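Coordinates in review
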Amino acid sequence: MKLLVATITVLAALAIPAVGNAGTTSISYRSLAVAGSGDRAIAVKPFDLVGVRWRGPGSVRFQARAADGTWGPWLDGIVEGDDQPDFGTGEGTSSTGWRLGNPTWVGPSTAIRTRVTGRVTALRASFVRSPERMVPLRALAVAGAPAIVPRSAWGADETIRGGAPDYAPSVRFAIVHHTAGPNDYSPAQAAAIMRGIQTYHVKSNGWNDIGYNFLVDRYGTVYEGRYGGIDRNVIGAHARGFNTGAVGVAVIGTFGTSAIPPAASRSLEKLLAWRLDLAHVDPQAAVAVVSGGSERYLPGVPVTLRAVSGHRDTGQTSCPGDQLYGQLGSIAARTFALGLPKIFEPTATGSLGGAVRFRARVSATQAWRVVVVDALGTEIGSQIGKGPALDWTWDAALITGTGIRWRIEVGGATPATGRFGKPTTGGPLALTDVAADPATFTPNGDGFADTTTLTYTISTAATVSAALLGAAGDVLAEVLPATRQTAGSHTLTFDGLGQPDGAYRIALTATDPRGVVATAELEIVITRTFGSPSLMPAVFSPNGDGKGDQLRVGFVLTAPATVRLRVLRDGKWVATLANTSFAAGKQTVTWDGTKRVGVAPDGQYTAVIDATDGVGTATTALPFLRDANAPKLRLALKPARIWVSEAATLTARVNGSIRRLEAPAPGYLTLGGVKRVSTLVAIARDAAGNRSAALRYP
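Below you will find a few notes about this structure.

Rules used throughout
- Residues numbered from 1 in each chain as written.
- Predicted model: local features only at pLDDT ≥ 70, side-chain atom pairs only at ≥ 80, totals over all residues.
- Heavy atoms only, no water.
- Axes fitted to C-alpha atoms, helices over the stretch in contact; angles between N-to-C directions.
- Helix = DSSP H or I, 4+ residues; strand = E, 2+ residues; numbered from the N terminus.
- Parallel < 35°, antiparallel > 145°, perpendicular 65-115°, else oblique.
- Left-handed = near helix turned anticlockwise from the far one by under 90°.
- Contact = heavy atoms within 4.5 Å.
- Nonpolar A, V, L, I, M, F, W, Y, C, P; charged D, E, K, R; others polar.
- Salt bridge = Lys/Arg side-chain N within 4 Å of Asp/Glu carboxyl O.
- Buried < 20%, exposed > 50% of the residue type's maximum accessible area, 1.4 Å probe, protein only.
- Phe/Tyr/Trp six-rings, centres within 6.5 Å; stacked < 30°, edge-to-face > 60°.
- Lys NZ or Arg CZ within 6 Å of the ring centre and 35° of its normal.

1. Digging into the packing of helix α3 (residues 262-278) against helix α5 (residues 328-337)
Two measures define how a pair of helices packs: the angle their axes make with one another and the distance between the axes. In the contact formed by α3 and α5, the axes pass within 8 Å of each other and the chain directions differ by 55°. Our classification of the angle between α3 and α5 gives oblique. Once α3 is placed against α5, the crossing between them reads as right-handed. Residues S265, L268, E269, L272 and A273 of α3 touch α5, and the partners they reach there are I331, R334 and T335. By residue class, the composition of the contact of α3 with α5 is 4 nonpolar, 2 polar and 2 charged.

2. A short note on the pattern of salt bridges
The tally for this structure, following the rule as stated, stands at 19 salt bridges. The partner of R306 in a salt bridge is D313, with the nearest N and O atoms 3.4 Å apart. Between R312 and D322 there is a salt bridge, with its nearest N and O atoms 2.8 Å apart. Residue R312 is found in the loop between β16 (308-310) and α4 (322-326), and its partner D322 is found in helix α4; the two are separated by 10 residues along the sequence. A residue is classified by how much of its surface remains accessible, and D322, at 51% relative accessible area, is exposed. The structure contains a network of salt bridges with shared partners spanning R151, E158, R161 and D209.

3. Observations concerning the packing of aromatic side chains
Taken as a whole, this structure holds 14 aromatic pairs when the rule is applied. For the pair F540 and W591, a centre-to-centre distance of 5.6 Å together with 35° between the ring planes defines the contact as tilted. Note that F540 is positioned in strand β33 (residues 539-540) and W591 in strand β37 (residues 585-591), a separation of 51 residues in sequence. F540 gets classed as buried once you look at its relative accessible area, which sits at 0%. For W591, a relative accessible area of 4% puts it in the buried group. Among the aromatic residues, those joined into a cluster by ring pairs are F540, W591, Y605 and F624. Against the face of Y185 rests R218, its NZ or CZ located 5.5 Å from the ring centre. Looking at R641, its charged tip hangs above the ring of Y668, at a distance of 4.2 Å from the centre.

In structure tokens form, the structure reads like this:
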């Protein structure tokens, strides 16, 4: 079947500026339906930011015509498709059924041209005019926070917000993004980009407000994003399925091939250090999260994230770009080191009338103190100790009443606080939706399936405990001590350390305040036979050029096992590389890209390994990209530009001068400073090492 390709030119006519805050009256917005084929001219007025949305499985690209009449590069309509609210929140329901494109800052422009591939049944282009203006860089006065430009200073339009903010019980991790726009904006344009993104997110996407909690520009300026309070757990619309409990920070720009500027990196680290410390989150920790549903993870799937994760960790996206994503580990390490000492993961489990266990981690071996006070502030319990681990059980058997609060203190650290809630009774107690993922896990320290995540739902508030049972039903270990929990879904991570390989059961017990008990059991398997899965190269290029021609999948077996190794695309079988017994030791399986009939096309794939021993089957999935096609180049002379078919590095000799150019995406690269091309030779290499044919002129 041939793909439908259409080109449409839209000359943008913007509406009269909307009346809003004093600083936002010059912002205007208009959304236009675009014809499915042919050209269509509309009256001209300038815009600075544009995006598209459409219905149908096809794809859309666009380019903008600058005020000087030159056309910019072709851009993908959807860059970060999972930059959206969570399913079922009601936010953005007006855009249901539409594929939403990112707002892209293009600077003063007068037209766009769109190119449609595949089936698109409806297409709209949205234009925002957001003039540049300098903003007063005053900071919000919040204790311990870095300098943050408030919404009022950058010109947020509070009149267009769609509803009151929603709040999560806590912040558990951060997700770092890039906005996928230009990197060469001025300070005045940065604030204009902020206003443009807010206008687009609300008026085009139908969201309540700008999707990100914070944004950072290339100069290191930090901006307050979504309304609701920078020190509160505001739920954003930046990582579908993972917004609740996350703080979303977007760095303005594109960082696929360009490094994040040092000033932006330092401000990002200061912001994360403050915000995660406020939530008592260790920036270098791993966090177990249950997906609410994204392009990458189905609803209910447990996912282990880093406390400082990139958007690509939760969705099918390249965000925040390879360069910024590759620095997140070092950014997290520097974030950890800022503002020491810190208190991590403070908890108070149990309830009044019994034993209450306080636990936390301290970033250094330092003195700590726990104090409990009643409603009048009178101390009714306390304990001191020295870190790095805090673990104290308070005998609260004779304690009753309301308004009782606790506080964990470490000299120089942000204190951790909490209160004991009043017991509630609801409907009948039920313990449901009990599952373990993965049910078979391998606690061998290789970073793959080292733990299992238990999920369950209680219908009303209850005290929940979990125990590991042996084959005879004997209790082998405490998985969860008796913990008071609210109604709803809960997760629990079990590492299996200290337990031999074998089949086990985990028994869950829930007891409500009336003494009603509900129980459930699930089966898990611990096996350390399989480990250290690896895949090279991550970009596989089987074209016979001697570079990345073979995919190598490796793993280590500590005992003989039957291993099935399959290649899948979009969950569908492509090829079986192995399905046989392997001896103990380091193993490698190769693939040349062929399948039962023909060869596999370029695209995203997953290598799935199932290793079965006498205990159970351990499964690991490793993603990779097949790219066997070389980039293609075309030359345009007026103005001097080179078109490249995919992201690549170009080396060109222009009029005798050598240039090295980076193409972060398909489109044109301008040969700046070249008024007339006399001679040119250019080649391009993509991430897989594929080399283009030489482009020559004349």
